[in-house]
Number of protein chains: 2
Amino acid sequence: MTLNGESLVGASAFKGGAALFRAIDPSTGREIEPAFGAATLTDAERACVLAEQAFDSYRDTTPEQRAAFLEQVAQNILDLGPALIERAMQESGLPQARLEGERGRTVGQLRLFAKVVRDGRWLGAALDSALPQRTPPRPDLRLRKIGLGPVVVFGASNFPLAFSVAGGDTASALAAGCPVIVKAHGAHPGTSELVGKALQAAVASCGMHEGVFSMLHGDGRTIGQALAAHPAVKAVGFTGSRAGGMALVRAAAQRPEPIPVYAEMSSINPMFMLPEALSQGAAKIGADFVDSLTLGSGQFCTNPGLVIALEGPALETFIDAAATALQGKTGATMLTPGIHAAFNGGVDKLSKEAGVKLVARGQYGATVCAGQPALFVTDAATFLANPALEDEIFGAASLVVRCADVAQFREIAEHLDGQLTATMFVSEGDRDLARSLLPALERKAGRVLVNGFPTGVEVSHAMVHGGPFPATSDSRGTSVGASAIDRFLRPVSYQDMPAWLLPQALQDDNPLNLWRVRDGELSQA
Amino acid sequence: MTLNGESLVGASAFKGGAALFRAIDPSTGREIEPAFGAATLTDAERACVLAEQAFDSYRDTTPEQRAAFLEQVAQNILDLGPALIERAMQESGLPQARLEGERGRTVGQLRLFAKVVRDGRWLGAALDSALPQRTPPRPDLRLRKIGLGPVVVFGASNFPLAFSVAGGDTASALAAGCPVIVKAHGAHPGTSELVGKALQAAVASCGMHEGVFSMLHGDGRTIGQALAAHPAVKAVGFTGSRAGGMALVRAAAQRPEPIPVYAEMSSINPMFMLPEALSQGAAKIGADFVDSLTLGSGQFCTNPGLVIALEGPALETFIDAAATALQGKTGATMLTPGIHAAFNGGVDKLSKEAGVKLVARGQYGATVCAGQPALFVTDAATFLANPALEDEIFGAASLVVRCADVAQFREIAEHLDGQLTATMFVSEGDRDLARSLLPALERKAGRVLVNGFPTGVEVSHAMVHGGPFPATSDSRGTSVGASAIDRFLRPVSYQDMPAWLLPQALQDDNPLNLWRVRDGELSQA
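For clarity, every value in this text was computed on a predicted model and none was experimentally measured.

A. Geometry of the overall build of chain A. In terms of regular secondary structure, chain A is built from 14 helices and 23 strands. For 525 residues, the compact-globule estimate of 2.2 N^0.38 gives 24 Å, and chain A sits close to it at 24 Å. With respect to the three principal axes, the spread of C-alpha positions in chain A is 75 × 65 × 40 Å. Put simply, 76% of the contacts in chain A that link residues at least 6 apart link residues at least 24 apart. Total accessible area computed for chain A in this model is approximately 17300 Å², and 54% of it derives from carbon and sulfur atoms.

If you want it as C-alpha cells, here you go:
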C-alpha cells in the first residue's frame, strides 16, 4: 500500500492542510518520505461531529456484529503483511522480531475484545423484579452499561502497533461501543496511516457508520487539545509523558462538561530485593535484572528503574553481576531523537545528583539514537531526601538504593509515588517482611509481582496495567487486558420499560445468554 | 442521648473550637439548642491521618467482619429510637412518617451493602493460569479490587438520614473497605451527631481501627475543602448544589494528585408525554404528576421539573388537571431558610422570563419556610432559545413545554443537559416515537422511566442514581443501589504470587466461595 501522508475522517482520506512533516528514521536521524499533512481544526471538528453521529447506531450493533468488526480489523492488519513491519521498523528503530511480536499482540488484543464483547459480562446486566404488592410498590428495574460516547485516543511512541492507532485504548473503546478518533503519534505517521486505513476499511466492509473511526495527524498541543476539548468527546485515552498526560487531564477538568482522561504516564517500577532471596540468588537476579532493564532499549512503561535492597555482601554481588551484565549490553536505537536526548539528559542529571554514584554503563551503540544503558547506586537516606531521584528516566537506566535495615524498605515503600508495578524478590525466610510490605505495595501499584520482572505485560483477564497517580491519572482503570473496556462505560437503569422497548440485553428471555444479576443473584437463566 | 454539639475524630468526641453555630428549625426560623462547635483545620488533619492509618487494617477485614460492622451500624441507628426522628424533624421540617421511612431506607441500605460485601462480586476476582510452556511463558495472574483509600463524604440536606452521615455514600465507601470522614451538613448537625455516634460505637464494638470513621462539623469552604485537599484522601462523595459540587471537582483536579469526585448535583428530570399516552390519560397523568412534583415539598433530586408535550386539547386537559391539583396542595416547610429563599428566587426569576407563563400556584403554607408550589408553561422555541429555563429550581416548581410537533421532542431531548432521570409516557400508538427518543434519553440520563414518576429511588441492584454532567460529575457511577460500591474501588493484579502471600479472594481453593473469572470463564469453582 502506498503511503500518501493522509489523515482519515470517516470514510475520507486526505492530506491535512495545516503543515507538512516527515517521519524520522531514528537509526540515521534522517527524514523518511512521504510528507504527511497535519490536520486542521476544521478536520478535527468534522471528525468529532461524525463520531457523534455514529454513536447511536454503533452502540446499537449486536455483540456479534461488534465482535466481527473487531476481528475484521485484526485481519486487515495482518493482511498489510511485511509492508507494515518494514515501515514500523524504519519509523521506530525497533527490530523486526519485536514488531512482529507486537503485531501479534495487537491482533490478539482485538480478538480478546471480540470475545469480551460476545461474552457480555461488560454489560453488567442486572434485573430487579417488580413488587407490586409492596408498600410502596417496587417498579421493575433493569440495568445495563452503555458506552460513554466518542473517545479520543493518543497513540504512544513505544508501541507503534499495540498502543497506537488500533491498540489497546482503541480496541477497548470500540468494544465498549464508543466511536474513536485517534490523534496519530508524530513518530510513526506511516505506520499509523497503514493501520488507520486497515481500520477504516473494516468500518466500511462491516457496514458501520463511517464516523466510528477517524485518525488525524498533527500536533498534540493544537489538534490533540482541540479533540479533547470538543463537546462531542466523552473520554480520552493517552499513553505518554507525564507532562503530556497532565496537560490533557487539566484541560478535560476545565471543560464546561468535565470528562474522564485515562492517561498512562510515568512509573519507575520499584523492585524490592528481600534479604534471603537476594542472598540466595544475587548473581543470577542481577544478570536477569539487566536483561529486563535493557529490553527494548528500556523503553517500556514497566521498565525496572529502581532496586531497593539491604546493604551487605549479597547486594554487592548483585551490583557486580548487574554491572558486568550491563557492560555486555550495547545501546540500541531509541524511538526518536527526542527520547534519546531526554534519556541522555536524565542520565546526565542523575549522575550529578549528590550521593548518587554511577556503577556501570553499557557499550555505545552504532546508531545516532542508541541509548547507552546506565546503572546507578545511592543510599536510602539520599533517596528519601531527594524527590528528583524518583523521576522516571525513559530508557535503560536504573538506580539501586542501599538500605541500612528493613525499616527503610517500609519507609521507601510508603514514600514512593504511585506505580504501574511493584516487585518483591522473596524466599521462604522473607515471609514476614513480604507480608508486611504487601499492603503498601498494593496501595502504590496496579500490579504486584513476586520473583519476576515487570517488563512483559500479558493481555489477559487478570492483568492490570494501571495504578495510582502519577502512574496513571485514574487508578480505577487498566489500559491492558479485558477490564480495559470498563473505562468507557456508564450504567443506565430502565424502569417499568415495556418489553418492546427494552434493550436485548435486558429482555426477560435473555436472548444474548448473558450472565445477569437477577434480584441479587448471578445466573445465566 | 444528650446532644453535646460534638465532632468525632476516631474514638474521640469534642466540641470543635473554630466557631459556634446552632441548627435552625425551618418551621419557625428559630435556632435550636445546643450550640455546635465547628471543627478546626487541625481536627481535619487528625481525621485524615487516622483514616490513613486505619486503611490497611480495615481493608484487610474479612467480608464477614465488614458486613457485620455495617449491620451493627444499622442496628445502632435503630437503637437511637424516637430521639433520632424527633431531632431530624426539628432540624429538617420533614414529617415523622417520611423520616421513619427514610430511617428504614438508611438501615436497609446498610444491610444491602452488608449482603453485597458478603457476596463478593465487587471484588471482580479474575485468575489467569500460568502457561509455562508458552513462548514467552505466561505468568500466573490474579486480579481483585481494593478500596481507593480514605473517602470524604458530604451529607445532603434533603435526606438527613439516607444521604448523610450513614447514608449511601458512607455505606458504599465502608463496604468497599475505605475509611470515611463525613463533613456533617450544617442544616442537621444534631441528627448528624446522633448518627455519627451510632457509627462510632459500631467501629469500637466491632474492633475496627478508630480511624475508620470521623465526622466534622464546619463550613464546606474551609473544613470541606481542607478534607478534600488532604493527601491521605483518595475520593470524595457529595450530594448537593451544582456550585458546591463543582467547587470540589475543580479543587480535586488541581491537587498534586487528582482524585475522583462523585458529586450528585442538578437535574430537572424531563418527562416526555407522548401523544397517544397523553390523549388517553391526560387528566389522571396531570393529577399524578402534581403528586410527584409536590412530594416532600419537591425537595428531591429526581423531582419532575420539566414536562414536554404536543400542543393540543390533550395537553390543555393535562395542564388544567395539574393546575387544579396544584391549587389543592398546600406549601410544606422546606429544609432550610436558604433553600426556601432560593426556591422563591427561582420561581420569581422564571415567572419573569420572556415567553414563560405562570399556570398555577399551590396554597400558602403556614410555616415561615413553606414552599408554595408553582407550575409554568412555555413553548419549545422559547425553551430552546433560553438556557436559563433549564436551571433547576430545587422545590415544587415545574415547567411545561408545548411542542408544535414531535420533531421538537427530539430537538429538546438532544438539547437537554445530562439528567438523573428521563421519563416517557407511552401507549401502543407511541411505539415508533418512543423507540426513536430512547437513544437520546439513554445518552442524557442515568435512569429512563416509562409511565411512572421519577421521585422514588429504589435501593436495589439495578438502580442507577447518576447520569451525565451536570446531573453528576462522573457518569460512571451511581450513588444509590448496589453498584455504588464500584465508585470506591480500583483493580490490583498479583503476578506469580506464592499461595502464602495471596489474598484470600484469590486463593486456589476459593475459600470465600466467590464468583470468579477463571481463564475467561465465570464460575464459582
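B. How the structure looks around the sheet that holds strand 20 (residues 445–450) of chain B. Strand order in this open sheet of 12 strands is 23(A)-22(A)-5(A)-6(A)-21(A)-20(B)-19(B)-12(B)-13(B)-18(B)-17(B)-15(B), and the pairing throughout is mixed. In this open sheet, the two edge strands, each paired with only one partner strand, are strand 23 (521–523) of chain A together with strand 15 (357–361) of chain B. Averaged over all pairs of adjacent strands, the angle between their axes in this sheet comes to 25 degrees, without regard to strand direction. Pairing between strand 5 (residues 126–128) of chain A and strand 22 (residues 516–518) of chain A: two bridges, direction parallel. Each bridged residue has a counterpart across the sheet, and for Ala126 of chain A the counterpart in strand 22 of chain A is Val517 of chain A.

C. Just helix 2 (residues 63–79) of chain A, in detail. All names here are of chain A. With 17 residues, helix 2 should cover 24 Å at 1.5 Å per step; its first-to-last C-alpha distance of 24 Å lies within 8% of that length. Of all the residues in helix 2, the buried ones are Pro63, Arg66, Ala67, Phe69, Leu70, Val73, Ala74, Asn76 and Ile77. Those residues of helix 2 that are buried are in contact with helix 1 (41–59), helix 3 (82–92), helix 4 (96–119), helix 5 (168–175) and helix 6 (189–205). Directly after helix 2, the chain includes Gly81, whose backbone phi takes a positive value near 65 degrees.

D. Layout of the nonpolar core. Counting residues in hydrophobic clusters, the biggest one holds 141 residues, and the most contacted among them are Phe272, Leu274, Ile412 and Met424 of chain A together with Phe69 and Ile77 of chain B. Sorting elements by how many residues they give to this core places helix 4 (residues 96–119) of chain B first, with seven residues. Those residues in contact with Met424 of chain A that lie beyond four places of it in its chain are Phe272, Leu274, Ala434, Leu437, Leu438, Leu441, Leu449, Val450 and Asn451 of chain A together with Leu501 of chain B. Judged by nonpolar contacts, the second largest core, of 108 residues, contains Val107 and Leu506 of chain A together with Ala380 and Met424 of chain B.

E. Fine view of the relation of the copies chain B and chain A. Once chain B is rotated about the relating axis by 180 degrees and shifted along it by 0.0 Å, it coincides with chain A to within an RMSD of 0.0 Å. Here the copies are linked by what is in effect a two-fold axis. Considering only C-alpha atoms, the part of chain B nearest the rotation axis is Ala253 of chain B, at 3.2 Å. Looking at the interface residues of chain B, 100% of them are also at the interface in chain A, so both copies use one shared face.

F. Just the packing of aromatic side chains, in detail. Residue and element names in this part refer to chain A. On inspection of all chains with the given rule, the structure shows 19 aromatic pairs over all chains. Seen from their ring centres, Phe159 and Phe300 are 5.7 Å apart, and the 50 degrees between their planes marks the pair as tilted. In this pair, Phe159 is assigned in the loop between strand 7 (151–154) and helix 5 and Phe300 in the loop between helix 9 (275–294) and strand 13 (306–310), connecting sequence segments 141 residues apart. On the basis of relative accessible area, Phe300 is assigned to the buried category, the value being 12%. Cluster of aromatic residues (ring-pair linked, three or more members): Phe159, Phe163 and Phe300. A cation over an aromatic ring shows up here: Arg66 above the ring of Tyr58, its NZ or CZ 5.5 Å from the ring centre.

G. Broad picture of the side chain of His461 of chain B. Inspection of the secondary structure puts His461 of chain B in the loop between strand 20 and strand 21 (489–495). What makes His461 of chain B buried here is its relative accessible area of 14%.

H. Representation of the interface of chain B and chain A in the model. Between chain B and chain A, the contact holds 76 residues from the first and 76 residues from the second. Across the interface of chain B and chain A, roughly 6400 Å² is buried in total on both sides, 55% from carbon and sulfur atoms. In this assembly, chain B and chain A are joined by 10 salt bridges. Residue Asp474 of chain A pairs with Arg476 of chain B through a salt bridge whose shortest N-O separation is 3.2 Å. Where chain B meets chain A, there are 42 residue pairs in polar contact (both at pLDDT 80 or more).

I. Quick peek at empty space enclosed by the protein. Residues and elements named next belong to chain A. Using the criterion set out here, one finds four cavities of 30 Å³ or more in the structure. Of the pockets and cavities examined, the largest cavity occupies roughly 130 Å³. Contributing to the lining of the largest cavity are 16 residues, with Ile268, Gly305, Asp391, Ile393 and Ala397 lying nearest its centre. At three residues, the largest contribution of residues to the lining of the largest cavity is made by strand 18 (residues 397–403). Classifying every residue of the lining of the largest cavity gives nine nonpolar, five polar and two charged.

J. Representation of the pattern of salt bridges in the model. Using the criterion set out here, one finds 60 salt bridges over all chains in the structure. Ionic pairing is found between Glu442 of chain A and Arg59 of chain B, a salt bridge with its closest N-O pair at 3.0 Å. Of this pair, Glu442 of chain A sits in helix 14 (residues 431–444) while Arg59 of chain B sits in helix 1 (residues 41–59), which puts the two residues in different chains. Exposure class is identical for Glu442 of chain A and Arg59 of chain B. Each is buried. Glu428 of chain B serves as the salt-bridge partner of Arg431 of chain B, at 2.9 Å between the closest nitrogen and oxygen. A relative accessible area of 28% means that Arg431 of chain B is categorised as partly exposed. You can call Glu428 of chain B exposed: its relative accessible area is 53%. One continuous salt-bridge network, built from bridges that share partners, spans Asp56, Arg59 and Arg144 of chain A together with Glu414, Glu442 and Arg443 of chain B.

K. How the structure looks around helix 6 (residues 189–205) of chain B. Taking 1.5 Å of rise per residue, the 17 residues of helix 6 of chain B would be expected to cover 24 Å, and the 24 Å separating its terminal C-alpha atoms lies within 8% of that figure. A large share of helix 6 of chain B lies buried, amounting to 14 of its 17 residues.

L. Molecular detail of unusual backbone geometry. Cis geometry is adopted by the peptide bond preceding Pro34 of chain A, which originates at Glu33 of chain A and carries an omega value of -5 degrees. Within the secondary structure, Pro34 of chain A is located in strand 4 (residues 30–38). Cis geometry is adopted by the peptide bond preceding Pro470 of chain B, which originates at Phe469 of chain B and carries an omega value of 5 degrees. Mapping Pro470 of chain B onto the fold places it in the loop between strand 20 and strand 21. A positive phi angle is found at Asn269 of chain A, which is not glycine, with a value near 50 degrees.

Parameters and conventions
- Residues numbered from 1 in each chain as written.
- Chains lettered and ligands numbered in written order.
- Predicted model: local features only at pLDDT ≥ 70, side-chain atom pairs only at ≥ 80, totals over all residues.
- Heavy atoms only, no water.
- Helix = DSSP H or I, 4+ residues; strand = E, 2+ residues; numbered from the N terminus.
- Rg over C-alpha atoms; globule rule 2.2 N^0.38 Å.
- Contact = heavy atoms within 4.5 Å.
- Areas by Shrake-Rupley, 256 points an atom, 1.4 Å probe, with all protein chains shown as cover.
- Pairing = 2+ DSSP bridges.
- Axes fitted to C-alpha atoms, helices over the stretch in contact; angles between N-to-C directions.
- Expected span 1.5 Å × (residues − 1).
- Buried < 20%, exposed > 50% of the residue type's maximum accessible area, 1.4 Å probe, protein only.
- Core = buried A, V, L, I, M, F, W, Y, C linked by side-chain atoms within 4.5 Å.
- Least-squares fit on C-alpha atoms with pLDDT ≥ 70 in both.
- Phe/Tyr/Trp six-rings, centres within 6.5 Å; stacked < 30°, edge-to-face > 60°.
- Lys NZ or Arg CZ within 6 Å of the ring centre and 35° of its normal.
- Buried area = accessible area lost by both parts, 1.4 Å probe.
- Salt bridge = Lys/Arg side-chain N within 4 Å of Asp/Glu carboxyl O.
- Polar contact = N/O pair within 3.5 Å; in protein donor to acceptor, adjacent residues only side chain to side chain.
- 1 Å grid on protein atoms, 1.4 Å probe; cavity = no way out; pocket = protein on both sides within 12 Å on 5 of 7 lines; lining within 4 Å.
- Points joined across faces, edges and corners; volume = space filled by probe spheres on them.
- Nonpolar A, V, L, I, M, F, W, Y, C, P; charged D, E, K, R; others polar.

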